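A structural walkthrough
For reference, the chains in residue letters:
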Amino acid sequence: MAWTRYVAVGDSFTEGLGDPYPDGGWRGWADRVAEGLAAANDGVAYANLAIRGRLLDSIVTEQLPAALELKPDLVSMSGGGNDMLRPGADLDALVAKLDDAVGRIRATGADVVLFTAVDPVGSPVIRLTRSRVEAFSDHIRLVAAKHGAHLVDQWQMDVLRDWRMWNVDRLHMSPAGHRRVALATLETLGVTADDWRDPVLDPLPELGRGARMLWNARWARGYLAPWVGRRLRGRSSGDQVTAKRPTLEPMNERSG
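Just so we're clear, the structure is a prediction, and the values are computed from it rather than from any experiment.

Comments concerning the overall build of the chain
Assigned secondary structure in the chain consists of 8 helices and 6 strands. Listed by position from the N terminus, the elements making up the chain come as β-α-α-β-α-β-α-α-β-α-β-α-α-β. On C-alpha atoms alone, the chain measures out to a radius of gyration of 18 Å, which is about the 18 Å that the 2.2 N^0.38 rule sets for 256 residues. The principal-axis extent of the C-alpha atoms belonging to the chain is close to 55 × 40 × 35 Å. Considering only residue pairs separated by 6 or more positions, the chain has 74% of its internal contacts joining residues 24 or more positions apart.

Have a look at this one:
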């Protein structure tokens, strides 16, 4: 396929948090995918409607209609991660919402890219959600198969369990992580790109118990506590944020 109208919808993962441009804007895997598509095919236009903190319902009810108005031939959709962090998440309702959304996109003739979650087994707090995140990922695989969507199975990407793939907040990927996801996405789409498996990383040195406890405590104070505080106040990090690229524009690579 030679896609020419690519629209990305989602939350902070798709907005690109953790992967800055030199000018302070956010790049992220979706921008990188658009760059790869443009390198393979002249005339690619790209829009990114993703906003940090968004739940799946907001992505489907607010971003998706705007995306379909742009008449894309390729849509990437990632959402549900913020829902999974909430104890009362209704898995069946989330799956039904995702299934309906993908069906609506496919009905227009556009191709769709979906993403499973990353396995949180190594995260000291988020791993408590692992069972329901794994179940949600299983359903995402089924939705992708049902609708003939492309699937980036991050759960199977062992490299993404390496902390070098993540920002210090442990919630957003680092530039290296975004790069790996972008290359995996291009591979899934059949677009020639570098191999996301390279380079193979040497294991990180093992932290002693005391150093690990200190590392986790600093993270909890600096990042987990503010996140919980926003949830308790009913606020989101994206409350005052608008889409970084709301209309289809030619993809011109920026220095990253």
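Structural notes on helix H2 (residues 28–40)
For H2, spanning 13 residues, the distance from its first C-alpha to its last is 19 Å, which sits close to the expected 18 Å at 1.5 Å a residue. With 11 of 13 residues buried, H2 is to be regarded as a mostly interior element. Gly28, Trp29, Ala30, Asp31, Arg32, Val33, Ala34, Glu35, Gly36, Leu37 and Ala38 are the residues of H2 that are buried.

Quick notes on the packing of aromatic side chains
Within the structure shown, the criterion is met by 4 aromatic pairs. Here the aromatic rings of tyrosine 6 and tyrosine 46 are separated by 5.2 Å at their centres, their planes lie at 20 degrees, and the arrangement is stacked. With a gap of 40 residues between them, tyrosine 6 in strand E1 (residues 5–9) and tyrosine 46 in strand E2 (residues 45–48) connect regions that are remote in the sequence. Tyrosine 46 matches tyrosine 6 in its accessibility class, with the two residues each being buried. Taken together, Phe13, Trp29 and Phe115 form an aromatic cluster joined through their ring pairs. Over the ring of tryptophan 163 we find arginine 170; its NZ or CZ atom is 5.4 Å from the centre of that ring.

Description of the pattern of salt bridges
Counted under the stated rule, the structure contains 15 salt bridges. A salt bridge links aspartate 31 to lysine 244; the shortest N-O distance between them is 3.1 Å. Taken together, the residues span a long stretch of sequence, with aspartate 31 in helix H2 and lysine 244 in the loop between helix H8 (209–232) and strand E6 (245–250) at a distance of 213 residues. Judged by relative accessible area, which is 4%, aspartate 31 ranks as buried. Salt-bridge contacts for aspartate 138 lead to arginine 141; the nearest nitrogen and oxygen are separated by 2.6 Å. Residue aspartate 138 and its partner arginine 141 are located together in helix H6 (residues 130–147), separated by 3 residues, close to a single helical turn. By sharing partners, the salt bridges in this structure join Asp119, Arg130, Asp158 and Arg161 into a single network.

Comments concerning the packing of helix H5 (residues 91–107) against H6
For the pair H5 and H6, interaxial distance at closest approach is 10 Å and the crossing angle is 25 degrees. Between H5 and H6, the angle is such that the two are roughly parallel. Crossing geometry of H5 relative to H6 is assigned as right-handed. Contacts from Leu91, Leu94, Val95, Leu98, Asp99, Val102, Gly103 and Arg106 in H5 reach Ala135, Phe136, His139, Ile140, Val143, Lys146 and His147 in H6. A class-by-class count of the residues in the contact of H5 with H6 yields 9 nonpolar, 3 polar and 3 charged.

Definitions and cut-offs
- Residues numbered from 1 in each chain as written.
- Predicted model: local features only at pLDDT ≥ 70, side-chain atom pairs only at ≥ 80, totals over all residues.
- Heavy atoms only, no water.
- Helix = DSSP H or I, 4+ residues; strand = E, 2+ residues; numbered from the N terminus.
- Rg over C-alpha atoms; globule rule 2.2 N^0.38 Å.
- Contact = heavy atoms within 4.5 Å.
- Expected span 1.5 Å × (residues − 1).
- Buried < 20%, exposed > 50% of the residue type's maximum accessible area, 1.4 Å probe, protein only.
- Phe/Tyr/Trp six-rings, centres within 6.5 Å; stacked < 30°, edge-to-face > 60°.
- Lys NZ or Arg CZ within 6 Å of the ring centre and 35° of its normal.
- Salt bridge = Lys/Arg side-chain N within 4 Å of Asp/Glu carboxyl O.
- Axes fitted to C-alpha atoms, helices over the stretch in contact; angles between N-to-C directions.
- Parallel < 35°, antiparallel > 145°, perpendicular 65-115°, else oblique.
- Left-handed = near helix turned anticlockwise from the far one by under 90°.
- Nonpolar A, V, L, I, M, F, W, Y, C, P; charged D, E, K, R; others polar.

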